[in-house]
Amino acid sequence: MPVKRMQQLGEVRSVIREQFDYGMKRKQEIGEDKVFDFSIGNPSVPPPPEVTAELVRLLTEADPLSLHGYTPATGDRAVREAVAAQINAVHGTAFKAENLYMTVGAAASLSAVLSALVDREEEVVLLAPYFPEYTVFVQTAGGVPVVVPCCEADFQPDFEKLAESITEKTRAIIINSPNNPSGAVLSEDTLRKIAALLTEKSAKYGKTIYLISDEPYRELVYDGVTVPFVTPFYPATVVCYSYSKSLSLPGERIGYVLVPSEMPDFAAVYAAVCGAGRALGYVCAPSLFQKILPYCGTLTADRAVYARNRELLYNSLTAMGYTAVRPDGAFYLFVKAMEEDANAFCEKARKHELLLVPSDDFGIKGYVRIAYCVDTALIERALPAFEALAKEYQHG
Ligand code: PLP
(Lines give C-alpha, C1' and ligand atoms only; values in the text may rest on other atoms or scores of the structure.)
Protein backbone atom coordinates (compact mmCIF):
# COMPACT_ATOMS: atom_id res chain seq x y z
CA MET A 1 0.00 0.00 0.00
CA PRO A 2 1.39 3.43 -0.88
CA VAL A 3 1.05 6.42 1.42
CA LYS A 4 -2.62 7.37 1.36
CA ARG A 5 -2.09 11.13 1.25
CA MET A 6 0.30 10.87 -1.69
CA GLN A 7 -2.08 8.53 -3.49
CA GLN A 8 -4.88 11.04 -3.02
CA LEU A 9 -2.72 13.91 -4.26
CA GLY A 10 -1.91 11.84 -7.35
CA GLU A 11 -5.50 10.83 -7.99
CA VAL A 12 -7.32 14.10 -7.37
CA ARG A 13 -6.39 16.55 -10.07
CA SER A 14 -6.34 20.25 -9.27
CA VAL A 15 -9.42 22.05 -10.52
CA ILE A 16 -7.15 23.97 -12.93
CA ARG A 17 -5.86 20.69 -14.43
CA GLU A 18 -9.36 19.28 -14.53
CA GLN A 19 -10.66 22.21 -16.61
CA PHE A 20 -7.56 22.11 -18.83
CA ASP A 21 -7.93 18.37 -19.50
CA TYR A 22 -11.66 18.82 -20.22
CA GLY A 23 -10.69 21.57 -22.68
CA MET A 24 -8.28 19.26 -24.54
CA LYS A 25 -11.02 16.64 -24.87
CA ARG A 26 -13.65 19.17 -25.89
CA LYS A 27 -11.35 20.66 -28.56
CA GLN A 28 -11.07 17.21 -30.17
CA GLU A 29 -14.85 16.87 -30.12
CA ILE A 30 -15.93 20.24 -31.52
CA GLY A 31 -12.77 21.88 -32.90
CA GLU A 32 -9.88 23.83 -31.46
CA ASP A 33 -11.30 27.28 -32.23
CA LYS A 34 -14.70 26.64 -30.65
CA VAL A 35 -13.42 26.08 -27.11
CA PHE A 36 -12.46 29.13 -25.03
CA ASP A 37 -9.92 27.76 -22.60
CA PHE A 38 -8.88 30.27 -19.94
CA SER A 39 -7.90 27.63 -17.40
CA ILE A 40 -4.13 27.51 -17.16
CA GLY A 41 -1.29 29.97 -16.58
CA ASN A 42 0.92 28.74 -19.40
CA PRO A 43 2.66 31.75 -21.01
CA SER A 44 1.35 32.42 -24.52
CA VAL A 45 4.30 34.40 -25.81
CA PRO A 46 7.58 32.74 -26.83
CA PRO A 47 10.77 33.22 -24.80
CA PRO A 48 12.86 36.26 -25.87
CA PRO A 49 14.86 35.41 -29.03
CA GLU A 50 18.09 35.83 -27.02
CA VAL A 51 17.15 32.70 -25.04
CA THR A 52 17.04 30.55 -28.17
CA ALA A 53 20.24 32.16 -29.50
CA GLU A 54 22.07 31.54 -26.23
CA LEU A 55 20.86 27.93 -26.05
CA VAL A 56 22.12 27.33 -29.59
CA ARG A 57 25.45 29.01 -28.78
CA LEU A 58 25.92 26.93 -25.64
CA LEU A 59 24.93 23.71 -27.39
CA THR A 60 27.31 24.31 -30.26
CA GLU A 61 30.24 26.02 -28.50
CA ALA A 62 30.36 24.94 -24.85
CA ASP A 63 32.10 21.82 -23.60
CA PRO A 64 29.23 19.27 -23.56
CA LEU A 65 30.58 17.48 -20.50
CA SER A 66 30.49 20.57 -18.32
CA LEU A 67 27.34 21.90 -20.02
CA HIS A 68 25.32 18.79 -19.23
CA GLY A 69 27.17 17.68 -16.11
CA TYR A 70 26.11 18.04 -12.49
CA THR A 71 26.55 21.55 -11.19
CA PRO A 72 27.24 22.07 -7.47
CA ALA A 73 24.08 21.19 -5.49
CA THR A 74 23.40 24.90 -4.88
CA GLY A 75 23.89 25.79 -8.56
CA ASP A 76 26.83 26.80 -10.72
CA ARG A 77 28.93 29.40 -8.89
CA ALA A 78 29.42 31.71 -11.90
CA VAL A 79 25.68 31.55 -12.56
CA ARG A 80 24.85 32.47 -8.97
CA GLU A 81 27.36 35.34 -9.10
CA ALA A 82 25.79 36.61 -12.31
CA VAL A 83 22.23 36.30 -10.97
CA ALA A 84 23.20 38.11 -7.75
CA ALA A 85 24.74 40.92 -9.84
CA GLN A 86 21.57 41.12 -11.95
CA ILE A 87 19.36 41.43 -8.86
CA ASN A 88 21.71 44.04 -7.39
CA ALA A 89 21.71 46.11 -10.59
CA VAL A 90 17.90 46.27 -10.64
CA HIS A 91 17.15 46.58 -6.93
CA GLY A 92 20.24 48.29 -5.49
CA THR A 93 20.98 45.35 -3.19
CA ALA A 94 24.33 43.69 -2.39
CA PHE A 95 23.70 39.96 -2.78
CA LYS A 96 26.44 37.45 -3.52
CA ALA A 97 26.47 33.90 -4.87
CA GLU A 98 26.25 32.71 -1.24
CA ASN A 99 22.74 34.17 -0.95
CA LEU A 100 21.36 32.08 -3.81
CA TYR A 101 20.26 28.48 -4.21
CA MET A 102 19.23 27.52 -7.76
CA THR A 103 16.11 25.38 -7.95
CA VAL A 104 13.59 23.73 -10.20
CA GLY A 105 11.08 26.59 -10.54
CA ALA A 106 9.06 28.35 -7.86
CA ALA A 107 7.30 25.13 -6.84
CA ALA A 108 10.59 23.60 -5.73
CA SER A 109 11.76 26.88 -4.19
CA LEU A 110 8.63 27.03 -2.05
CA SER A 111 8.76 23.35 -1.10
CA ALA A 112 12.42 23.58 -0.08
CA VAL A 113 11.93 26.82 1.87
CA LEU A 114 8.89 25.50 3.72
CA SER A 115 10.71 22.28 4.59
CA ALA A 116 13.69 24.35 5.75
CA LEU A 117 11.71 26.72 7.98
CA VAL A 118 8.54 25.03 9.17
CA ASP A 119 8.46 22.37 11.83
CA ARG A 120 5.63 19.90 12.51
CA GLU A 121 2.34 21.56 13.44
CA GLU A 122 3.70 25.08 12.96
CA GLU A 123 1.34 27.41 11.17
CA VAL A 124 1.88 29.13 7.84
CA VAL A 125 -0.39 32.06 7.02
CA LEU A 126 -1.76 32.21 3.47
CA LEU A 127 -3.42 35.40 2.23
CA ALA A 128 -6.48 34.43 0.21
CA PRO A 129 -6.80 34.33 -2.70
CA TYR A 130 -3.59 32.27 -3.05
CA PHE A 131 -1.99 29.78 -5.45
CA PRO A 132 -3.72 26.48 -4.55
CA GLU A 133 -0.52 24.42 -4.39
CA TYR A 134 0.55 26.36 -1.26
CA THR A 135 -1.66 24.16 0.89
CA VAL A 136 -0.04 21.03 -0.59
CA PHE A 137 3.49 22.40 -0.07
CA VAL A 138 2.79 23.56 3.51
CA GLN A 139 1.19 20.26 4.54
CA THR A 140 3.97 18.23 2.94
CA ALA A 141 6.45 20.21 5.02
CA GLY A 142 4.44 19.19 8.11
CA GLY A 143 2.93 22.64 8.64
CA VAL A 144 -0.65 23.79 9.00
CA PRO A 145 -2.04 26.35 6.53
CA VAL A 146 -4.00 29.21 8.10
CA VAL A 147 -6.10 31.10 5.58
CA VAL A 148 -6.63 34.85 6.02
CA PRO A 149 -8.90 36.59 3.50
CA CYS A 150 -7.73 39.83 1.86
CA CYS A 151 -9.99 42.88 1.47
CA GLU A 152 -12.12 42.18 -1.57
CA ALA A 153 -12.16 45.84 -2.65
CA ASP A 154 -8.49 45.72 -3.72
CA PHE A 155 -7.11 42.31 -2.63
CA GLN A 156 -4.62 43.92 -0.26
CA PRO A 157 -4.25 42.24 3.18
CA ASP A 158 -6.90 42.83 5.83
CA PHE A 159 -4.53 43.85 8.63
CA GLU A 160 -7.00 43.33 11.43
CA LYS A 161 -7.62 39.74 10.37
CA LEU A 162 -3.93 39.19 9.65
CA ALA A 163 -2.91 40.42 13.12
CA GLU A 164 -5.48 38.09 14.75
CA SER A 165 -4.26 35.09 12.77
CA ILE A 166 -0.62 35.36 13.89
CA THR A 167 -0.11 33.39 17.09
CA GLU A 168 2.70 31.66 18.97
CA LYS A 169 2.26 28.78 16.50
CA THR A 170 2.95 30.92 13.41
CA ARG A 171 6.25 30.27 11.68
CA ALA A 172 5.80 32.01 8.35
CA ILE A 173 3.54 33.95 6.05
CA ILE A 174 3.55 33.57 2.27
CA ILE A 175 2.98 36.61 0.07
CA ASN A 176 2.68 36.57 -3.71
CA SER A 177 2.90 39.83 -5.61
CA PRO A 178 1.83 40.21 -8.41
CA ASN A 179 -0.78 37.75 -7.27
CA ASN A 180 -2.14 34.62 -8.85
CA PRO A 181 -5.19 34.77 -9.14
CA SER A 182 -6.12 38.41 -8.35
CA GLY A 183 -3.35 40.26 -10.23
CA ALA A 184 -2.95 42.54 -7.18
CA VAL A 185 0.47 44.05 -6.45
CA LEU A 186 1.40 44.72 -2.83
CA SER A 187 2.31 48.36 -2.36
CA GLU A 188 5.30 49.70 -0.39
CA ASP A 189 2.91 50.83 2.30
CA THR A 190 1.46 47.32 2.57
CA LEU A 191 4.94 45.78 2.80
CA ARG A 192 5.91 48.28 5.51
CA LYS A 193 2.83 47.30 7.49
CA ILE A 194 3.47 43.58 7.04
CA ALA A 195 7.07 44.08 8.19
CA ALA A 196 5.97 46.08 11.25
CA LEU A 197 3.41 43.44 12.18
CA LEU A 198 5.85 40.54 11.79
CA THR A 199 8.53 42.42 13.76
CA GLU A 200 6.06 43.06 16.57
CA LYS A 201 4.76 39.48 16.62
CA SER A 202 8.26 37.97 16.41
CA ALA A 203 9.28 40.03 19.46
CA LYS A 204 6.06 39.14 21.30
CA TYR A 205 6.49 35.38 20.77
CA GLY A 206 10.29 35.37 21.03
CA LYS A 207 10.85 33.72 17.66
CA THR A 208 11.46 34.72 14.06
CA ILE A 209 8.34 34.74 11.91
CA TYR A 210 9.54 34.42 8.32
CA LEU A 211 8.16 36.21 5.28
CA ILE A 212 8.21 33.96 2.21
CA SER A 213 7.85 36.03 -0.96
CA ASP A 214 6.76 33.98 -3.97
CA GLU A 215 7.62 36.08 -7.03
CA PRO A 216 7.18 34.26 -10.35
CA TYR A 217 5.26 37.24 -11.80
CA ARG A 218 7.63 39.99 -10.55
CA GLU A 219 8.22 41.45 -14.03
CA LEU A 220 4.67 41.07 -15.34
CA VAL A 221 3.15 44.44 -14.45
CA TYR A 222 1.27 47.03 -16.50
CA ASP A 223 0.68 50.78 -16.74
CA GLY A 224 4.03 51.61 -15.13
CA VAL A 225 3.22 49.83 -11.85
CA THR A 226 6.34 48.79 -9.94
CA VAL A 227 6.73 45.81 -7.64
CA PRO A 228 8.69 46.80 -4.53
CA PHE A 229 11.58 44.45 -3.76
CA VAL A 230 10.70 42.81 -0.45
CA THR A 231 13.96 42.00 1.37
CA PRO A 232 14.83 45.62 2.35
CA PHE A 233 11.51 45.86 4.20
CA TYR A 234 11.97 42.81 6.42
CA PRO A 235 15.30 40.99 6.91
CA ALA A 236 13.70 37.62 7.71
CA THR A 237 12.43 37.35 4.12
CA VAL A 238 13.14 34.47 1.77
CA VAL A 239 12.45 35.08 -1.91
CA CYS A 240 11.23 32.23 -4.12
CA TYR A 241 11.74 33.21 -7.73
CA SER A 242 11.12 31.48 -11.03
CA TYR A 243 11.90 32.22 -14.68
CA SER A 244 8.80 30.26 -15.74
CA LYS A 245 6.71 33.32 -16.53
CA SER A 246 9.25 36.13 -17.07
CA LEU A 247 11.19 34.17 -19.69
CA SER A 248 8.24 31.96 -20.79
CA LEU A 249 10.13 28.83 -19.73
CA PRO A 250 7.70 26.96 -17.43
CA GLY A 251 8.62 23.57 -18.86
CA GLU A 252 12.33 24.05 -18.24
CA ARG A 253 12.00 24.30 -14.43
CA ILE A 254 14.45 26.97 -13.39
CA GLY A 255 14.35 29.44 -10.51
CA TYR A 256 16.08 30.26 -7.24
CA VAL A 257 15.78 30.75 -3.51
CA LEU A 258 17.28 33.99 -2.21
CA VAL A 259 18.25 34.26 1.46
CA PRO A 260 19.53 37.75 2.39
CA SER A 261 22.61 37.98 4.64
CA GLU A 262 20.58 40.22 7.02
CA MET A 263 18.38 37.21 7.80
CA PRO A 264 18.62 36.32 11.53
CA ASP A 265 20.76 33.17 11.74
CA PHE A 266 21.63 33.55 8.06
CA ALA A 267 24.15 30.68 7.91
CA ALA A 268 21.74 28.27 9.59
CA VAL A 269 18.81 29.28 7.38
CA TYR A 270 20.83 29.03 4.15
CA ALA A 271 22.17 25.63 5.28
CA ALA A 272 18.61 24.50 6.02
CA VAL A 273 17.51 25.51 2.49
CA CYS A 274 20.44 23.48 1.10
CA GLY A 275 19.50 20.61 3.42
CA ALA A 276 15.86 20.71 2.36
CA GLY A 277 16.91 20.82 -1.30
CA ARG A 278 19.03 17.76 -0.63
CA ALA A 279 16.32 15.92 1.31
CA LEU A 280 13.75 16.59 -1.41
CA GLY A 281 16.10 15.83 -4.31
CA TYR A 282 16.06 19.39 -5.72
CA VAL A 283 19.82 19.61 -6.10
CA CYS A 284 21.70 20.66 -9.24
CA ALA A 285 18.94 22.58 -11.06
CA PRO A 286 18.98 21.98 -14.87
CA SER A 287 22.48 22.91 -15.94
CA LEU A 288 21.70 24.15 -19.47
CA PHE A 289 19.01 26.52 -18.20
CA GLN A 290 21.17 27.74 -15.35
CA LYS A 291 23.82 28.62 -17.88
CA ILE A 292 21.64 30.85 -20.06
CA LEU A 293 20.93 33.10 -17.05
CA PRO A 294 24.12 35.21 -17.11
CA TYR A 295 23.03 36.36 -20.59
CA CYS A 296 19.24 36.16 -20.38
CA GLY A 297 18.31 36.47 -16.70
CA THR A 298 17.14 40.08 -16.90
CA LEU A 299 15.16 39.75 -20.11
CA THR A 300 11.39 39.48 -20.15
CA ALA A 301 9.16 37.84 -22.73
CA ASP A 302 6.99 40.29 -24.67
CA ARG A 303 4.44 41.67 -22.22
CA ALA A 304 2.58 43.63 -24.90
CA VAL A 305 0.22 40.72 -25.64
CA TYR A 306 -0.70 40.34 -21.96
CA ALA A 307 -1.19 44.11 -21.62
CA ARG A 308 -3.50 44.13 -24.67
CA ASN A 309 -5.44 41.09 -23.43
CA ARG A 310 -5.89 42.62 -19.99
CA GLU A 311 -7.36 45.83 -21.45
CA LEU A 312 -9.64 43.99 -23.85
CA LEU A 313 -10.92 41.49 -21.29
CA TYR A 314 -11.32 43.91 -18.39
CA ASN A 315 -13.04 46.60 -20.47
CA SER A 316 -15.31 44.16 -22.33
CA LEU A 317 -16.35 42.13 -19.29
CA THR A 318 -17.05 45.11 -17.04
CA ALA A 319 -19.13 46.67 -19.86
CA MET A 320 -21.16 43.43 -19.94
CA GLY A 321 -21.92 43.71 -16.22
CA TYR A 322 -19.17 41.54 -14.73
CA THR A 323 -17.34 42.84 -11.64
CA ALA A 324 -13.58 42.57 -11.25
CA VAL A 325 -10.73 44.44 -9.57
CA ARG A 326 -8.50 45.77 -12.37
CA PRO A 327 -5.33 43.65 -12.14
CA ASP A 328 -1.98 45.46 -11.95
CA GLY A 329 0.10 42.41 -12.79
CA ALA A 330 0.44 38.68 -13.61
CA PHE A 331 -1.91 37.45 -16.38
CA TYR A 332 -5.14 36.68 -14.58
CA LEU A 333 -8.47 38.46 -14.22
CA PHE A 334 -10.37 37.54 -11.06
CA VAL A 335 -14.05 38.04 -11.73
CA LYS A 336 -17.01 37.81 -9.38
CA ALA A 337 -19.18 34.83 -10.28
CA MET A 338 -22.75 35.84 -11.11
CA GLU A 339 -24.11 33.45 -8.52
CA GLU A 340 -22.93 32.52 -5.06
CA ASP A 341 -21.54 29.13 -6.05
CA ALA A 342 -18.55 29.67 -8.36
CA ASN A 343 -18.56 25.96 -9.30
CA ALA A 344 -22.15 26.19 -10.54
CA PHE A 345 -21.23 29.36 -12.43
CA CYS A 346 -18.30 27.55 -14.10
CA GLU A 347 -20.63 24.69 -15.05
CA LYS A 348 -22.92 27.20 -16.79
CA ALA A 349 -19.87 28.79 -18.44
CA ARG A 350 -18.89 25.38 -19.81
CA LYS A 351 -22.21 25.25 -21.69
CA HIS A 352 -20.90 28.31 -23.60
CA GLU A 353 -17.55 26.49 -24.07
CA LEU A 354 -15.91 28.93 -21.62
CA LEU A 355 -13.41 27.21 -19.34
CA LEU A 356 -12.87 29.25 -16.18
CA VAL A 357 -11.46 28.23 -12.80
CA PRO A 358 -13.75 28.48 -9.74
CA SER A 359 -12.14 30.24 -6.79
CA ASP A 360 -12.77 27.77 -3.96
CA ASP A 361 -9.28 26.25 -4.25
CA PHE A 362 -7.79 29.75 -4.12
CA GLY A 363 -9.17 29.99 -0.57
CA ILE A 364 -12.10 32.30 -1.34
CA LYS A 365 -15.61 31.65 -2.57
CA GLY A 366 -17.66 33.31 -5.30
CA TYR A 367 -15.05 34.21 -7.95
CA VAL A 368 -13.60 32.75 -11.13
CA ARG A 369 -10.09 33.08 -12.50
CA ILE A 370 -9.61 33.86 -16.18
CA ALA A 371 -6.04 33.24 -17.37
CA TYR A 372 -5.51 35.73 -20.20
CA CYS A 373 -2.14 34.36 -21.30
CA VAL A 374 -3.82 33.35 -24.57
CA ASP A 375 -4.02 34.62 -28.15
CA THR A 376 -5.90 37.92 -28.33
CA ALA A 377 -7.99 36.33 -31.10
CA LEU A 378 -9.25 33.73 -28.60
CA ILE A 379 -10.52 36.50 -26.32
CA GLU A 380 -12.19 38.22 -29.28
CA ARG A 381 -13.92 34.98 -30.27
CA ALA A 382 -14.94 34.31 -26.64
CA LEU A 383 -16.59 37.69 -25.97
CA PRO A 384 -20.03 36.69 -27.36
CA ALA A 385 -19.95 33.63 -25.07
CA PHE A 386 -19.16 35.82 -22.03
CA GLU A 387 -22.03 38.09 -23.07
CA ALA A 388 -24.47 35.19 -23.45
CA LEU A 389 -23.42 33.85 -20.04
CA ALA A 390 -24.00 37.24 -18.38
CA LYS A 391 -27.40 37.54 -20.06
CA GLU A 392 -28.51 34.25 -18.51
CA TYR A 393 -28.22 35.93 -15.14
CA GLN A 394 -29.40 39.38 -16.14
CA HIS A 395 -32.64 38.03 -17.62
CA GLY A 396 -33.32 35.58 -14.81
N1 PLP B 1 3.64 30.36 -7.43
C2 PLP B 1 2.65 30.90 -8.14
C3 PLP B 1 1.90 32.04 -7.58
C4 PLP B 1 2.33 30.39 -9.41
O5 PLP B 1 1.33 30.93 -10.10
C6 PLP B 1 3.07 29.30 -9.93
C7 PLP B 1 2.75 28.70 -11.21
O8 PLP B 1 1.81 29.03 -11.89
C9 PLP B 1 4.10 28.77 -9.13
C10 PLP B 1 4.36 29.32 -7.89
C11 PLP B 1 4.93 27.62 -9.61
O12 PLP B 1 5.82 28.11 -10.56
P13 PLP B 1 6.92 27.19 -11.28
O14 PLP B 1 6.32 26.79 -12.60
O15 PLP B 1 8.08 28.08 -11.49
O16 PLP B 1 7.20 26.05 -10.40
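Our subject is the structure that appears above.
Caption draft 1: Region of interest: the packing of aromatic side chains. For the structure shown, the criterion picks out 18 aromatic pairs. A ring pair is formed by F131 and Y134, whose centres lie 5.8 Å apart and whose planes are at 80°; its orientation type is edge-to-face. Its relative accessible area of 26% is what places F131 among the partly exposed residues. Given a relative accessible area of 2%, Y134 falls into the buried group. Consider the rings of F345 and Y393, whose centres lie 5.5 Å apart with planes at 45°: the pair is tilted. Pair noted here: F345 is in helix α14 (residues 342-351) and Y393 is in helix α15 (residues 376-394), with a separation of 48 residues, a long-range link.

Caption draft 2: Highlighting the site of the ligand. Of all residues adjacent to the ligand, which total 14 residues, the nearest are D214, Y217, S242, S244 and R253. The contact in question runs from an oxygen atom of the ligand to an N or O atom on the side chain of Y217, over 2.7 Å. Here an oxygen atom of the ligand and a side-chain polar atom of R253 are 2.7 Å apart. Within the complex, the protein chains bury 91% of what would otherwise be the 400 Å² of accessible surface of the ligand.

Caption draft 3: Structural view of the layout of surface pockets. Empty space within the largest pocket amounts to approximately 1,200 Å³. Elements with a minimum of two residues in the lining of the largest pocket: α1 (4-11), α2 (15-30), α6 (105-117) and α7 (133-140). The element best represented in the lining of the largest pocket is α7, accounting for five residues. When grouped by side-chain class, the residues that make up the lining of the largest pocket number 21 nonpolar, 14 polar and nine charged.

Caption draft 4: Just the sheet that holds strand β8 (residues 255-258), in detail. Pairing is mixed in the open sheet, where seven strands are placed in the order β2-β8-β7-β6-β5-β3-β4. Taken across any chain shown, the strands that pair with only one partner, and hence form the sheet edges, are β2 (100-103) and β4 (144-149). Looking at each pair of strands side by side, their axes are set apart by 20° on average, direction ignored. Bridge count between strand β3 (residues 123-128) and β4: six bridges; the pairing is parallel. Bridging from a neighbouring strand, E123 pairs with V144 of β4.

Caption draft 5: Quick look at empty space enclosed by the protein. Tallied over the full model, the rule gives two cavities of 30 Å³ or more. Empty space within the largest cavity amounts to approximately 120 Å³. If you go around the largest cavity, you meet 14 residues; those closest to its centre are L127, P129, C150, N176 and N179. Class assignment for the residues of the lining of the largest cavity results in eleven nonpolar, three polar and no charged.

Caption draft 6: Looking closely at a nonpolar patch on the surface. A grouping of V3, M6 and L9 is seen on the molecular surface, where their side chains present a nonpolar patch of about 270 Å² in accessible area. Looking at the element boundaries, V3 is found in the segment before α1. By relative accessible area, V3 is classed as exposed at 57%.

The rules behind these values
- Residues numbered from 1 in each chain as written.
- Predicted model: local features only at pLDDT ≥ 70, side-chain atom pairs only at ≥ 80, totals over all residues.
- Heavy atoms only, no water.
- Phe/Tyr/Trp six-rings, centres within 6.5 Å; stacked < 30°, edge-to-face > 60°.
- Buried < 20%, exposed > 50% of the residue type's maximum accessible area, 1.4 Å probe, protein only.
- Helix = DSSP H or I, 4+ residues; strand = E, 2+ residues; numbered from the N terminus.
- Near = heavy atom within 4 Å.
- Polar contact = N/O pair within 3.5 Å; in protein donor to acceptor, adjacent residues only side chain to side chain.
- Areas by Shrake-Rupley, 256 points an atom, 1.4 Å probe, with all protein chains shown as cover.
- 1 Å grid on protein atoms, 1.4 Å probe; cavity = no way out; pocket = protein on both sides within 12 Å on 5 of 7 lines; lining within 4 Å.
- Points joined across faces, edges and corners; volume = space filled by probe spheres on them.
- Nonpolar A, V, L, I, M, F, W, Y, C, P; charged D, E, K, R; others polar.
- Pairing = 2+ DSSP bridges.
- Axes fitted to C-alpha atoms, helices over the stretch in contact; angles between N-to-C directions.
- Patch = residues over 30% accessible without salt bridge, like charges linked within 9 Å, V, L, I, M, F, W, Y side chains within 5 Å.
- Salt bridge = Lys/Arg side-chain N within 4 Å of Asp/Glu carboxyl O.

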